[in-house]
Amino acid sequence: MKRLKIGVLASGGGSNLQSIIDRTLDGSVSAEVVVVISNNTTAFALERAAKHGIDALHISAVSEGSQDAADERITAEMIQRDVDYVVLAGYMKMIGTHLLSAFNGKIMNIHPALLPKFGGKGMYGMNVHKAVIAAGETESGATVHLVDGEYDHGRTLAQVKVDVFPDDTAETLQKRILEKEHLIFPETIGKIATGELK
Ligand code: GRF
């Protein structure tokens, strides 16, 4: 079976990145993370990558001079490593047009809600969970989806649900969902690698 080559973009702690690396290393997902790129020099995701001997790069509008130049370099780094799929694991920047056209239909993201609900501009991090609780929802979850030019918009690849309890805070809900994210994200990549998911 072909081992998918994955390039990851991450801005923060990278717990989803870690779950993907772990499943590729234990062989349950037939993929290999070949590069991790962050717009943020202090992202713990970069440290996680380096610890596993994975190329870890900081590329941003600041390092490259403009967002467009950053987009071009990210695209070049992915192409140079023969990346099959680009995975957004807590990446807080809009994807640029160079990357979108080079990896059309081959960029995926995870969002901590049941899209199409609670997605779109401004719906990231704790904002999502706060909005879910404020709306009185009884369930939330996580969605793995393909990325197109709009925030949280492309085709859904997988979804997992969790209960929202009356005494939940944004923090307790986030934690419950994150645990599920760590299962569903590698699992979805694994299904793409086997061809079970197209
Ligand atoms: C996750 O909640 C994910 O759904 C969202 O960003 C967060 C990233 O967390 N897109 P981590 O950096 O993987 O720990």
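Notes on the structure follow. (Residues numbered from 1 in each chain as written. Predicted model: local features only at pLDDT ≥ 70, side-chain atom pairs only at ≥ 80, totals over all residues. Heavy atoms only, no water.)

### Regarding helix α2 (residues 44-51)
What counts, and what does not: Residue exposure (1.4 Å probe, protein chains only): buried if accessible area is under 20% of the type maximum, exposed if over 50%, otherwise partly exposed. What counts as a helix is a DSSP run of H or I of at least four residues, what counts as a strand is a run of E of at least two, and both are numbered from the N terminus. By arc we mean the arc of the directions from the helix axis to the C-beta atoms, nothing more. Contacts are residue-level and defined by heavy atoms, with any inter-residue pair within 4.5 Å sufficient.
Among all positions in α2, only Ala45, Leu46, Arg48 and Ala49 are buried. Each buried residue of α2 lies within a common arc of 160° when the element is viewed along its axis, so the set occupies one face. Here the buried face of α2 lies against α1 (15-25), β2 (31-38) and β3 (55-58).

### Some remarks on the side chain of Asp168
Counted only if it meets this: Under the rule applied, a polar contact is a pair of N or O atoms within 3.5 Å (in protein, one hydrogen donor and one hydrogen acceptor; residues adjacent in sequence only if both atoms are side-chain atoms).
Tracing the backbone shows Asp168 in the loop between β7 (156-163) and α7 (170-194). Judged by its relative accessible area of 9%, Asp168 falls in the buried class. Polar side-chain contacts of Asp168 include one of 2.6 Å to the side chain of Thr172. Here Arg176 takes part through its side chain, which lies 2.7 Å from a polar atom of the side chain of Asp168. Once you skip the residues sitting within four places of it in the chain, Asp168 turns out to touch Ile133, Asp163, Leu173 and Arg176.

### A word on the side chain of Asp84
In this structure, Asp84 sits in the loop between α4 (67-80) and β4 (85-88). A distance of 2.7 Å separates the side chain of Asp84 from the backbone nitrogen of Lys5, its partner in a polar contact. In this structure, Asp84 is in contact with Lys2, Arg3, Leu4, Lys5, Phe103 and Lys106, ignoring residues within four places of it in sequence.

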